[in-house]
Each structure stands twice: as structure tokens, then as C-alpha cells.
Amino acid sequence: MPELSCTVRRTGDYESRTEEYEVSYAVGEATRGLRIKYQAARAFEINAVLDAAVEVARSAIAAAGHDPKGPTDEALAKFSWRTIQSAKYEEGEPKTSTLGL
């Protein structure tokens, strides 16, 4: 079963209220990435980040030749958010999660 891999690394000032991350998605050899920035107190910023993450994840899935409609938007957003949160306090150390397609 193919897997979508998400690797997140926190960048920027770790003490700032604005959180910044590098996020990359991979399915086999196909990889896509994005940089995100948001304030945790602003739900609209988080929603915009998650929408962008879902689009990039779908792009990686499609580039690998798999059905880009695979996981739902909600499943991809939750997967991305959990991976982002796992990297929050790692001070630059990357964290990787996988999701079966």
C-alpha cells in the first residue's frame, strides 16, 4: 500500500507568537513542499494554512500517479495538523508522519 509521508520542521523564532514551518510531502519519489506561517490565536490563518497543505499533499499524490481524490480533505488536514503540532516544540528537529493511501 502506498503511503503519503509528511515531514515538518519548525523555523523562525521559537519564542514568537507567529509560528513558521517547512512542510514537505512525499509519495515514493514525488515530493512537494511549502512554507507556512500563522499565529495560533487566529483560526482563519490556521484554516488557510491547512487548505494550502491539503492542496500540496494532493499534488504530491497526483505526481506519484495515484488517485488525487484518495483521502478526504478532512483526513489530509488532520494528518497535516497533527504532524505540524508534533514538530512545534522540537526547535528545528524534523518530525515525520505517514498516512496510508
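Residues numbered from 1 in each chain as written. Predicted model: local features only at pLDDT ≥ 70, side-chain atom pairs only at ≥ 80, totals over all residues. Heavy atoms only, no water.

Asks: For this particular structure, what's the right way to read the pattern of salt bridges?
Replies: Opposite charge on two side chains permits them to pair, given that their charged atoms come into close proximity. Under the criterion given, the structure shown has 6 salt bridges. A salt bridge links Arg 9 to Glu 22; the nearest nitrogen and oxygen atoms lie 3.0 Å apart. Of this pair, Arg 9 sits in strand S1 (residues 3-11) while Glu 22 sits in strand S2 (residues 18-27), and the two are 13 residues apart along the sequence. Three or more residues joined by partner-sharing salt bridges are found here, namely Arg 9, Glu 22 and Arg 35. (Salt bridge = Lys/Arg side-chain N within 4 Å of Asp/Glu carboxyl O. Helix = DSSP H or I, 4+ residues; strand = E, 2+ residues; numbered from the N terminus.)

Asks: For this particular structure, what's the right way to read the packing of helix H1 (residues 43-63) against helix H2 (residues 73-87)?
Replies: When two helices pack together, their arrangement is given by the angle between the helix axes and by the axis-to-axis distance. Running from N to C, H1 and H2 point in directions that differ by 110°, and their axes come no closer than 9 Å. If you check the angle between H1 and H2, you find them roughly perpendicular. Judged by residue contacts, Ile 46, Leu 50, Ala 53, Val 54, Ala 57 and Arg 58 of H1 engage Asp 73, Leu 76, Ala 77, Ser 80 and Trp 81 from H2. (Axes fitted to C-alpha atoms, helices over the stretch in contact; angles between N-to-C directions. Parallel < 35°, antiparallel > 145°, perpendicular 65-115°, else oblique. Contact = heavy atoms within 4.5 Å.)

Asks: When you look at the side chain of Thr 11 in this model, what are you seeing that I'm missing?
Replies: Counting through the fold element by element, Thr 11 comes out in strand S1. On the basis of relative accessible area, Thr 11 is assigned to the buried category, the value being 11%. Those residues in contact with Thr 11 that lie beyond four places of it in its chain are Glu 20, Tyr 21, Glu 22 and Arg 35. (Buried < 20%, exposed > 50% of the residue type's maximum accessible area, 1.4 Å probe, protein only.)

Asks: I would appreciate a short explanation of the pairing of strand S3 (residues 30-39) in the present structure.
Replies: Regular strands place their side chains on alternate faces of the sheet. Taken together, the 10 bridges between S2 and S3 define a ladder with antiparallel strand orientation. In the sheet register, Val 23 faces S3, and the bridge partner there is Leu 34. (Pairing = 2+ DSSP bridges.)

Asks: Got a minute to help me understand a negative patch on the surface in this structure?
Replies: On the surface, Asp 13, Glu 15, Glu 90, Glu 91 and Glu 93 cluster together to form a negatively charged patch. Positionally, Asp 13 belongs in the loop between S1 and S2. (Patch = residues over 30% accessible without salt bridge, like charges linked within 9 Å, V, L, I, M, F, W, Y side chains within 5 Å. Areas by Shrake-Rupley, 256 points an atom, 1.4 Å probe, with all protein chains shown as cover. Lys, Arg positive; Asp, Glu negative; His and termini not counted. Charge placed at Lys NZ, Arg CZ, Asp CG, Glu CD.)

Asks: Mind showing me how you'd approach the packing of aromatic side chains here?
Replies: For any pair of aromatic rings, the description rests on two quantities: the centre-to-centre distance and the angle between the ring planes. Scanning all chains against the criterion turns up 2 aromatic pairs. When the ring of Tyr 21 is compared with that of Tyr 38, the centres are 6.1 Å apart and the planes differ by 15°; the resulting orientation is stacked. Of this pair, Tyr 21 sits in strand S2 while Tyr 38 sits in strand S3, and the two are 17 residues apart along the sequence. The class of Tyr 21 is buried, set by a relative accessible area of 0%. A relative accessible area of 1% means that Tyr 38 is categorised as buried. Between Tyr 38 and Trp 81, the ring centres sit 5.9 Å apart and the planes meet at 50°, which makes this aromatic pair tilted. Taken together, the residues Tyr 38 in strand S3 and Trp 81 in helix H2 connect sequence positions 43 residues apart. One aromatic cluster is present, formed by Tyr 21, Tyr 38 and Trp 81 through successive ring pairs. (Phe/Tyr/Trp six-rings, centres within 6.5 Å; stacked < 30°, edge-to-face > 60°.)

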